[in-house]
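# Descriptive structure summary
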Amino acid sequence: MTFFNATLILGTLAAVVPIALHLLARREPQRVVFPGVQFLRPKLSSQRSRLRIRRWWLLALRVLAVIALAVALARPHIDSALSSTWWTVGLMGLTGVGFLVLASVAVVRGMGRSLAIGVAVAGLVALLASLFLGTRTWATSGELSAGNSQPVAIALLIDNGPSSMRLLANSNRTSTSRLEQAVREAAAVIERLPEGSRLAVLDRSATPIGFALDAASARLRLAQMKPLANPLPVQERMDAAIELLRSSDLPGKQLVVVSDWNAASWKPSAQTPAMQPDDVAISMLQVDASENGDAEALAKSSINRFLSIPKLVDAAPAPGVSIPISVSVGLDSSASEDPSFNVTVQLSLYERDPSLPVIRDGELVLPRLRGVDRASVSVGSRSQADVVLTLPPLNLGTHHAVIELVGDDAFAWDDRRFLTINVPVPPRVLLVGEDADERRLLGSALTAPKAPDDDGAGFRVAGVAYSDLSAVDWQLIDAVAMIDPPIQVDAASQAIVSGGGLSKGSVDQLIELSRRGGGVVMMLGPSTEVLGVAKTGARESVEDAMGRLLPRLVRSWRVPSPGTFWEERLPSHPILRPLTLLDDQPPWSAFPVNRYWQTEPNAEAGWQTLIQYAGTPHPAIVARTIESEEPLGNSGRVAVLTTPLPALTAATRSWNQLFSAADAWPAFVTWRGLMQWATGVSDQATTVLVGATAVVPESDAANQTNGRVTSAEENAVGTGEPSVRLYPPMAETSELDGELAIREVDVAERGGVFPETNEVGTTFLRGPDYWGGYSTNLDPVWSQDERVTESEMDQRFGAEQWMPSDSGERLSIQGRVGGSPPVSLHGPMMLLAVVVFLAEQLLSNRFYRTSGAAA
């Protein structure tokens, strides 16, 4: 047995207090003889015997209550391997007490002196045996306390996730980060290690771990630690540390996790099975601000203003058009009062300078960052306010912007949000339909706010009738949209039938367009025909489904009034992503659909249902990609709407009211999303969270020669210079005295894919005729400083499998040996103290009441 607060054992000396009071309180009664007393003497002798026994039991309970309370406060722990022995000790002690109680009852009831003595002797023997066995077990058991002088194998895991960058206000009006405090606490643990111990220091990075050569190298490792924006899961690093500790030949093994218990680090792993290593002791050293004595400084350090991830509704904005950006400002505070602040948000834009960034005299020189917009908003605690900022009209190419809060607070990483916008070369879109007004409406919706024939429009739009398709040069088309195409499909084979409708040659041209990386959007309507009767649920081969432009058509479906409406099924798809970025969600029930084509898309052929009709499994929009026939070519895209847009002609007006109903912005946004996806301009992911994959354009849209964009790969070959240089984010790296790792990359060979997103900030890509990059932002979950509780830690590790601590100087360095975890007796001893105290109260009340009656 071990007492983690051994000094409190001295509290057992207080047991002499009730003994002294008992002896001092005894007074000899005054003897007064009355004539009738001689008849009461036998009764009085019996009553005295009962009172004497009760008096001794009352004294024993008072002494035991004091001892039990002192032992409980000393936090006794036993080795779980010896738990059965301690159970035996406890049972023997209870047996001895039970025999003594029986002996007392025998004396009080006059059952015979010999019986009472025999039972009392048996009780004393049981108590002495329990005392002997307990003392022997205590003396021979191993130490579990912080005073263990035996060497141990110990691993210090420093939680240097994003929350470790939060500042803590000190009583001297200075501030330190949680990571700095964690390093100090870990250093205190190192100072207290027994001689001969083996030590490993690790963090949440992917750096391989091993035992340090000495304490000095371990301290150097601590001094080099920095906050990580994209750390590995805590459990993964704990598993690695446990495996390392098991490789040591020292019997004592302990893992110490120094963490602030931030919920973003611990809660995602709380759903995994509890970690209960039998041979490694786990201690959790919590880094907190509670030790600061300055209440005002503490309240200030608990306030954090933060920005949400910026929202850009148009994934591919048009050149020369102002770009609105929406962002939310929030305030997280644990202060007792409800603070409210006036917050200023500033939008800045990096100037597009082809000669920057560059290294000069060992320092990184970035392009000039100039402010372009600013707004102020009032925000209260645990609330958010929306702000809309505007970027000025931008030219073709990639542009980097920064949105930041003016002023400082406890957490700097969420005060700045980084944004990269790509203004692409306007893709060439062909709208095919019989009605010129419908073509004009869809073209205007696509290029708004500019006209389709404006040189600054985001799309180059052309329109033709179906009779003029033979004159189209398909090599100049990036995507085509077919409005109510006159296609005849054989019901049995689902093949396109040449006849009065669209010729098979034109359909082959559409298939060829998709196979070379183009996009095809088909909006089926009354002109589409199915020849014959198609069977519902008929099976078809994947090869046949992949070789066709359309999913399997069944029949035209009429819906009685008031009709049905769209229901989003895959909102994460790039086509529907612009809708999810809006604050208001589409009220699809206000846009009824009365007729549509029933289709059965083959999921094995790659078809995805994005929108379906409410209450039915019938798809409204399906889409799939087609692999390019060229090794490095882009994938083609095919999307099919089973009801036509915009449905404004006499033949199509009865099909739906998606465009004709009042305030038809959902269909407007969906149409733009369709064509942005079909042309590939929404493929780029230039603003991502840390850890996500960024996708940048393979060509710089700003560099055009006779209308042709020169790729980075062609530029590198033509100039003989390195392709592109990558300059990682520098904002936080320079603050932490880090080294900037600039390297050469081949954008075209990568396909524009960059997984290097572990740092917060703007990554610049600069090369001959190429200027671009991407932005990475911290996950908004780190803006909330929510902590996990001890009960949640119990669920993760098991209630008796870990030990909490709030100081490196008071941390128990124990080292678990042979799979014997310590078992706390604090709870049982406190319960015993309460039970003994209640028994003492009960017996004392009966004693004094009986004494008063006897008097």
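Because the structure is a prediction, the values reported are computed rather than measured. (Residues numbered from 1 in each chain as written. Predicted model: local features only at pLDDT ≥ 70, side-chain atom pairs only at ≥ 80, totals over all residues. Heavy atoms only, no water.)

## Brief notes about unusual backbone geometry
- Here the bond from Ala448 into Pro449 is cis, since omega is 10°, no more than 30 degrees from zero.
- Mapped onto the secondary structure, Pro449 falls in the loop between α10 (436-447) and β19 (460-464).
- Note the cis peptide between Leu645 and Pro646, where omega equals 0°.
- Within the element layout of this structure, Pro646 appears in the loop between β29 (636-641) and α14 (665-679).
- Non-glycine residue Asp663 carries a positive phi angle of around 55°.
- Here Asp663 shows up in the loop between β29 and α14.
- Its relative accessible area of 58% is what places Asp663 among the exposed residues. (Helix = DSSP H or I, 4+ residues; strand = E, 2+ residues; numbered from the N terminus. Buried < 20%, exposed > 50% of the residue type's maximum accessible area, 1.4 Å probe, protein only.)

## Some remarks on the sheet that holds strand β16 (residues 397-405)
- One open sheet holds the 4 strands; their spatial order is β14-β11-β16-β17, and the pairing between them is antiparallel. Every other strand in the sheet has two partners, leaving β14 (369-380) and β17 (416-423) as the edge strands with one partner each. For this sheet the average axis-to-axis angle between neighbouring strands, irrespective of direction, equals 20°.
- Bridging between strand β11 (residues 340-350) and β16 involves 5 bridges; their strand directions are antiparallel. Its bridge partner lying in β16, Leu347 is registered against Ile403. (Pairing = 2+ DSSP bridges. Axes fitted to C-alpha atoms, helices over the stretch in contact; angles between N-to-C directions.)

## Details of the nonpolar core
- If you look at the biggest cluster of nonpolar residues, it comprises 41 residues, and the most contacted ones within it are Val521, Met523, Trp566, Leu641, Leu658, Trp671 and Met675.
- Residue assignment for this core shows that the elements contributing at least two residues are β18 (428-432), α10, β20 (479-483), β22 (519-523), β27 (608-613), β28 (619-626), β29 and α14.
- Counting residues per element, this core draws most heavily on α14, at 7 residues.
- One finds Leu430, Trp474, Leu510 and Trp597 within the second-largest nonpolar core, a separate group that totals 34 residues. (Core = buried A, V, L, I, M, F, W, Y, C linked by side-chain atoms within 4.5 Å.)

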